[in-house]
Each structure stands twice: as structure tokens, then as C-alpha cells.
Amino acid sequence: MGRSNVSDIVGEKLEESHIKKVIEKVFEKLKIDIKFVLLAPHIDNNKIYYILFIEPGGELGNRIIMEIKRMVEEGLKENFHYRYARDLGQISQLKVFLIKGNGTQSYIKRCMEQGEKLVT
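Keep in mind that this is a model prediction, so the values were computed, not measured.

Draft legend 1. Up close: the layout of surface pockets. The calculated volume of the second largest pocket comes to roughly 190 Å³. In terms of residue class, the lining of the second largest pocket is made up of three nonpolar, two polar and six charged.

Structural data, given as C-alpha cells:
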């Protein structure tokens, strides 16, 4: 995420506000309680994709996880630049990672290990 709250690896220009609206809309529509959520870009062997990290408030079945993935991807594609990068194959399909522990605590710990300061 850059200083302007935009994630831009290959020109996809995903704004934080758009991402937040997409994620909130999906979880509201599916009536899913989420304790922690984070969308982050990932580069693996020159393959770029986004990972949606979620810590649900309850159990999620495979069907619901696939629906979350589909709906979030659909919402991200409302952004022309993201859709174009996906169509060109510059960005691969979204992945979903379920967090089993305390996502917020793990995230804060990781940020602090990387030298970031906790702002309250």
C-alpha cells in the first residue's frame, strides 16, 4: 500500500476505500461475522495475486469460502485497472486464507517486527 492508500503492483490501482466497500458488502450480503480481514498483494515466482486473509466469527464451509472469493473478485473487477490487469494475466485470481488464531494480534506483531509503530 502506497502513501496514497492505493495498492499498485502492475497498474491495478486498488484504493483502500474501494476495497473496504467491496469486503463490507460481501460479508453483509452473506451475513458473515468477521473478526479480522486483510487484503494483501503477494508475489510468488513472478506470479502476482491478492490474498484475502479472514478470521471468521464462526465456521465457514467450502461453499461459502468459494462464494466470498467469487464476490470479492467480482467487486475488485469494478475497478477498471484491476479488471484490465486480470484480463491481461498480470494478476492471477484472488486467494482466500482462513486465519485460525487471533488475526489482529498476529498482524500487529508482524508489523512491529518489521519496525512499524503502533498508532492508537
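Draft legend 2. View of helix H1 (residues 16-29). Taking 1.5 Å per residue as the helical rise, H1 with its 14 residues ought to reach 20 Å, and the 20 Å between its terminal C-alpha atoms agrees with that figure. Looking only at H1, the buried set comprises His18, Ile19, Val22, Ile23, Val26 and Phe27. Buried residues of H1, viewed axially, fall in a sector of 150°; they line one side. What points out from H1, more than 90 degrees from its buried face, is the exposed set Lys20, Lys21, Lys25, Glu28 and Lys29. In this structure, the buried residues of H1 make contact with strand E2 (14-15), strand E3 (34-44), strand E4 (47-56) and helix H2 (62-76).

Draft legend 3. Spatial organisation of the packing of aromatic side chains. If you walk through the whole model with that rule in mind, you get three aromatic pairs. For the ring pair phenylalanine 80 and tyrosine 84, a centre distance of 5.8 Å and an interplane angle of 10° mean the geometry is stacked. Here tyrosine 84 and phenylalanine 80 lie together in helix H3 (residues 80-87), a separation of four residues that amounts to about one turn. Tyrosine 84 gets classed as partly exposed once you look at its relative accessible area, which sits at 47%. A cation sits over an aromatic face here: lysine 95 above tyrosine 49, 4.8 Å from the ring centre.

Draft legend 4. Representation of the sheet that holds E3. With mixed pairing, three strands are arranged side by side in an open sheet as E3-E4-E5. A single partner strand is all that each edge strand has here, and the edge strands are E3 and strand E5 (95-98). Along the sheet, successive strands turn relative to each other by an average axial angle of 25°, direction set aside. As paired strands, E4 and E5 are joined by four bridges and run parallel to one another. By the bridge assignment for E5, isoleucine 54 is matched with leucine 98. Lying on the sheet, H1 is in contact with E3 and E4; it crosses E3 at an angle near 130°.

Parameters and conventions
- Residues numbered from 1 in each chain as written.
- Predicted model: local features only at pLDDT ≥ 70, side-chain atom pairs only at ≥ 80, totals over all residues.
- Heavy atoms only, no water.
- 1 Å grid on protein atoms, 1.4 Å probe; cavity = no way out; pocket = protein on both sides within 12 Å on 5 of 7 lines; lining within 4 Å.
- Points joined across faces, edges and corners; volume = space filled by probe spheres on them.
- Nonpolar A, V, L, I, M, F, W, Y, C, P; charged D, E, K, R; others polar.
- Helix = DSSP H or I, 4+ residues; strand = E, 2+ residues; numbered from the N terminus.
- Expected span 1.5 Å × (residues − 1).
- Buried < 20%, exposed > 50% of the residue type's maximum accessible area, 1.4 Å probe, protein only.
- Arc of directions from axis to C-beta.
- Contact = heavy atoms within 4.5 Å.
- Phe/Tyr/Trp six-rings, centres within 6.5 Å; stacked < 30°, edge-to-face > 60°.
- Lys NZ or Arg CZ within 6 Å of the ring centre and 35° of its normal.
- Pairing = 2+ DSSP bridges.
- Axes fitted to C-alpha atoms, helices over the stretch in contact; angles between N-to-C directions.

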